[in-house]
Every structure is written in C-alpha cells, then in structure tokens.
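# Inside the fold
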Amino acid sequence: MKKGGYTMKAETLRTLLQHAVFVGVVLGLWEWGARTGAIDPSFMGSPLGIIGFTVENLGNARLWGDLGYTLLAVFSSFFIGSAAAVATGLAFVTWPRLEAFCEPYIAAMNVLPRIALVPLFILWFGLGVGSKIALGVSLTFFIVLSTTVAGIRGVSQDHVTLTRTLGASSRQMFFWVTLPGAVPVLFSGLRLGLIYALLGVVGAEVIASERGLGQQLAYLGSTFNVNGVWSLLFDLALIGVLIMKLMNWIERRLLHWQ
Amino acid sequence: MIEARQIDLSFDGVHLVLQGVDLHVRTGEFVALAGPSGCGKTTLLNLCAGLVPLPVGQQLQVAGQPPALGSHSVAYMLARDSLFPWLSALDNAAFGLKVRGMAVQEARERAAAMLKRVGLGGFEHKLPKALSHGMRQRVALARTFAMPSPLLLMDEPFGALDAQTKLQLQDLLLQLCQEGERTVLFVTHDLSEAVALADRVVVMSSRPGRIVADVAVPLPRPRSIRALQTSEDFHHTYTQVWKHLEEGWVHHEG
C-alpha cells in the first residue's frame, strides 16, 4: 500500500510538473513574442499584462459585485430550470400520453439556438437579471428534462417488481425506489445543467446587460483592453472548474453507494 | 395454500402460454416447478404473486384469496438478488418489513437477527457493492425470510450463482424452511436442485405450458445437500423427473 501510495504521489507530481513546464513554455514564448513585437500585444495581450490586470482587478469592488450578480443569475436559473425539468419529467413518466403530445414542441424548442431568444427575453424581462435567468433556464431545462426521464425509465425493473409484490404505495415506490434509482443519471444532467446555466447567463450578459462578468467582458473587449478580456476569461474558466468541483463533491456524498 | 384449476392464459388472445394448469400446493409443502425455458414456470409464479392479472373466469386461490399484489401472505424472491445498492445489508433485509408497515426499529431488529441467521452477522452496515454474489443472495434470502409470510414464491433464486455457492445456499434454504412452517413454490430449471429441495416436483411441458407430471420426492427431512449426492432415492427421483421432462419435449415436438 505504502509503495502504491508512493507511486501514486510520484505519478501526480510528475504530471503536475509536466503541466507546469508546458504552461511555463507557452507563457514564456507569448511574453517573449509580445516584448519583441513578434506578437502584437494590442490584439493578443501579454502574460505579465494579464497578471497585472488580474491583481489590480482583484482589489476592485466592481469585479466582486459583477461576480455576485452573475452567480446569482447562474444559480437562480439552475434551480428554476432544474425544478421545472424534474417536475415535467415526472409528469411525462406518469402520463406518457402527455409526453407523446409535447414531444414535437419539446424537440423543436430543444434544437432552437437558445441564444437567439435573447432579444425576446430582453423585451420581456428587461436588461436586468431577469433576461439572464430566462436564458439560463431555457438551457438548463431541456438537458435536465431528458436525464430525468431517462433516469426514471432506467430504474431497475427488478426493484420495481419486488416493491410491487410487497404492496408498496405510490409514495413509497417514488421515494424509496424510483427517486434514489434515478439519481445517478439525473445527477449527470444536473451537472451539465449547471454548466449550461453559466454558459447561458454569461452569453446573455455579453449581448446586453447592466452588470455581470459577461457585461464587463463585453466592455473590456469594446475598449480594446485585451489583457482584461483574458483575465476575465481565466476568471470564468476558474468559476467553471469550481462549479464542477462542487458538483463532484456533492456527487461523492450523495452517491457514495455507487 | 395454492389451488389452481384448469388455468388457461394467453397474452395476445391467440397463443396460449399456459394450458389447463392444475396446481395444488398444501400448507407446509415445498413444491418445485421444473420445465424447459419459456414453458411458463415464471408466468405461473407471477400469476400466484398477482404480478400477472388473472383472466376473468379462471380459478386460482392463493392463501384462500384470489391472488393480489402486496398480499401479506406472500413473499416473493426474484432470480437476481435485486438489492438496493444505496441501502446497507441491514436496510435491504428490512425493506419488505418496512414497506409492509412494521416500525423501523422493530424491522431492523428482525432483519439483523435474520442476517445473523444466514451467516452475515457483522456485515449489517456493508453496502451491496462490498458483498460477493453469494453474500448478496444471502441478504435477499434474509429479506424474504424476515417477512412472516406463510407462502414463499421463489423464481430461480440461485440460477445466477456459481456451483459451489449454489450448493451452500441450497443447504441454507433447506435449514430455513425446516425452521418455520413455510409453504414454498420454487421455480427452477435445475432438476437436481428441484429434487434436493422439494417435497414434490411438478414438471411442465414446453409452450403452451402444461403440467405433465407431479413427482413425489421420497427423501426424508431434515436433508443435507452433501448427503443427498450419495442417496439412491435422490438419483432415482432425478431420473424419473428427467424422463418426464423429456416426454414433455417429445410431446411438444410431436
């Protein structure tokens, strides 16, 4: 075990070192290019410029306000979209005729590029957080809906048969068998749904917004502050990674039995 | 305990799955239902459990009542262990009792005692993923026997196990049945299992499933699977059941 643990640690260190060398070489070449004029820093920025902007921006209250605004919209759209999707999924499984009736409308809405709805959402909900949540919900809803239906339909028939022979009530069947049985598939949908919510909210903020990281990104881009754009892109990537880590943490606790 | 008279069953209204099935199982009897794959053994068992609706006009009584899903007189055991992976061995064993309304504490105490009885004392808090196939099937046995139902319907419960584990669990089932007054209808396609466990072996023919023989097993109880291997009566009954099974095939092919 000790040997295995040691090998694992050495392997992890080697991988980290490889990544550090790779990133260091790329950033070094980039900085060298920007300084020598091989790369135009007004279009590509420079690593030191990005780091400088990031450090300065970290002390800027506007960044934290925009971050809070964006996260509020992301989590609101995730919870609203997921709750609506799970409820609709349950209704579809309970009444298959309802699903058959809604199927063409769901399919048509699902293939529609949702970003194209932003003008309508702005008309309906204004430039504030409402239109951002609406776009986030429209993206989250469909992905969580499909996994809810798949999750419930995928519940082990042996479990259902056994529970039926015991004379379980509908409530027992749902809470003791269907729901826990569907959670693994449902969770994969929720994980994607949260990422889609981030994508939708930031996308809507870039198009038109009063606040938010997406709006800041659009502003920096329009003022040719390329280092600022890169800095915010890294911030968004970091937020995405942290969201995935959060979901992994919840999954490990919720699905420890897998 | 089970009274079936001239049961005919068809799912599509054209092809018969069961034809003129008469089955009588007395209280305390262990009856094995044997026959080729697809002959309707499980369908007959599912009729008794209420999983397959009984066609109008057909006469079937289970514990003095028409078959009904959820009857407390019946405990059903499937071919696979069907343990819930998110529940511990203890909660899996207590599942049937809890569904049927027993207080949680009482159900867990009863389940813990049954887990100990099937040789899984100390494994109460293990999840199914941490158990071997044989251990999982022991938990399923504990779940079935924890319920005080007088009639057990078992659908090839050891069919998916390796030979050695199967023999161990057959022995365990014999002991569990000997300890309480249970009536068992046991579906299997394994003739030696049928003869070793049952008081009678009912042989069915290929589809449409008909009962072609009802063979009494003249082996005394208590039994031990190992001792049966050298029993002449065991081998004689096995040959007899095999002959009837062959006749069922010949009749079907003819």
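Only a predicted model underlies this, so the values are computations on that prediction, with no experimental measurement involved.

Quick look at the overall build of chain A now. A tally of helices and strands in chain A yields eleven helices and zero strands. Order of helices (α) and strands (β) in chain A, N terminus to C terminus: α-α-α-α-α-α-α-α-α-α-α. For 258 residues, the compact-globule estimate of 2.2 N^0.38 gives 18 Å, and the C-alpha radius of gyration of chain A, at 23 Å, exceeds that figure by more than 25%. Each principal axis of the C-alpha atoms in chain A carries an extent, and together these give about 75 × 65 × 30 Å. Each of the 258 residues in chain A was classed as buried or not, and the buried ones make up 32%.

Let us look at helix 10 (residues 213-222) of chain A. All names here are of chain A. Considered for burial, the residues of helix 10 that qualify are Leu213, Gly214, Gln215, Gln216 and Leu217. Looking at the packing, one finds that the buried side of helix 10 touches helix 4 (61-94), helix 9 (170-207) and helix 11 (226-254). Of the residues trailing helix 10, Phe224 is marked for its positive phi of about 55°.

Another point: the domain arrangement of chain A. Taken as a whole, chain A is organised into domain 1 (1-39) and domain 2 (50-254). Computed from C-alpha coordinates alone, the two centres of domain 1 of chain A and domain 2 of chain A are separated by 33 Å.

Residues and elements named next belong to chain B. The interhelical angle for the contact between helix 4 (residues 133-146) and helix 5 (residues 163-179), taken along N-to-C directions, is 15°, at an axis separation of 10 Å. The angle between helix 4 and helix 5 falls in the class roughly parallel. Read as a crossing pair, helix 4 and helix 5 show a hand that is right-handed. Residues His133, Gly134, Gln137, Arg138, Leu141 and Phe145 of helix 4 touch helix 5, and the partners they reach there are Thr165, Gln168, Leu169, Leu172, Leu173 and Leu176. Among the residues making up the contact of helix 4 with helix 5, the classes are represented as six nonpolar, five polar and one charged.

So, about the sheet that holds strand 1 (residues 2-10) of chain B. Residue and element names in this part refer to chain B. The strand order across the open sheet built from three strands is 2-1-4, with neighbouring strands paired in antiparallel fashion. Strand pairing shows two members of the sheet lacking a second neighbour, strand 2 (16-25) and strand 4 (59-62), which therefore form its edges. Recorded for the sheet is a direction-independent mean angle of 25° between the axes of neighbouring strands. Pairing geometry for strand 1 and strand 2, over six bridges, is antiparallel. If you follow Ala4 over to strand 2, its bridge partner there is Leu23. Together, strand 1, strand 2 and strand 4 form the strand contacts of helix 1 (residues 41-49), whose direction differs from that of strand 2 by roughly 60°.

In this section: the interface of chain B and chain A. Taken residue by residue, the interface counts 16 residues in chain B and 13 residues in chain A. When the residues that make up the side of chain B that touches chain A are grouped by side-chain class, the tally is ten nonpolar, three polar and three charged.

Our next topic: the pairing of strand 7 (residues 183-188) of chain B. Residues and elements named next belong to chain B. With six of six residues buried, strand 7 is to be regarded as a mostly interior element. The alternating pattern of strand 7 places Thr183, Leu185 and Val187 and Val184, Phe186 and Thr188 on opposite faces, both of which are buried. By the bridge criterion, five bridges tie strand 3 (residues 30-34) to strand 7 in an arrangement that is parallel. Pairing of Ala32 across the sheet is with Phe186, part of strand 7. Where strand 6 (residues 151-155) and strand 7 come together, five bridges link them in parallel fashion. Bridge pairing in strand 7 links Met154 to Phe186. Between the parallel pair strand 6 and strand 7, the chain is carried across by helix 5, and the sense of this crossover is right-handed.

Definitions and cut-offs
Residues numbered from 1 in each chain as written. Chains lettered and ligands numbered in written order. Predicted model: local features only at pLDDT ≥ 70, side-chain atom pairs only at ≥ 80, totals over all residues. Helix = DSSP H or I, 4+ residues; strand = E, 2+ residues; numbered from the N terminus. Rg over C-alpha atoms; globule rule 2.2 N^0.38 Å. Buried ≥ 20, exposed ≤ 12 C-beta atoms within 10 Å, placed from the backbone. Contact = placed C-beta atoms within 7 Å. Domains from an automatic or database assignment. Axes fitted to C-alpha atoms, helices over the stretch in contact; angles between N-to-C directions. Parallel < 35°, antiparallel > 145°, perpendicular 65-115°, else oblique. Left-handed = near helix turned anticlockwise from the far one by under 90°. Nonpolar A, V, L, I, M, F, W, Y, C, P; charged D, E, K, R; others polar. Pairing = 2+ DSSP bridges. Right-handed = clockwise from strand over helix to strand, strands pointing away.

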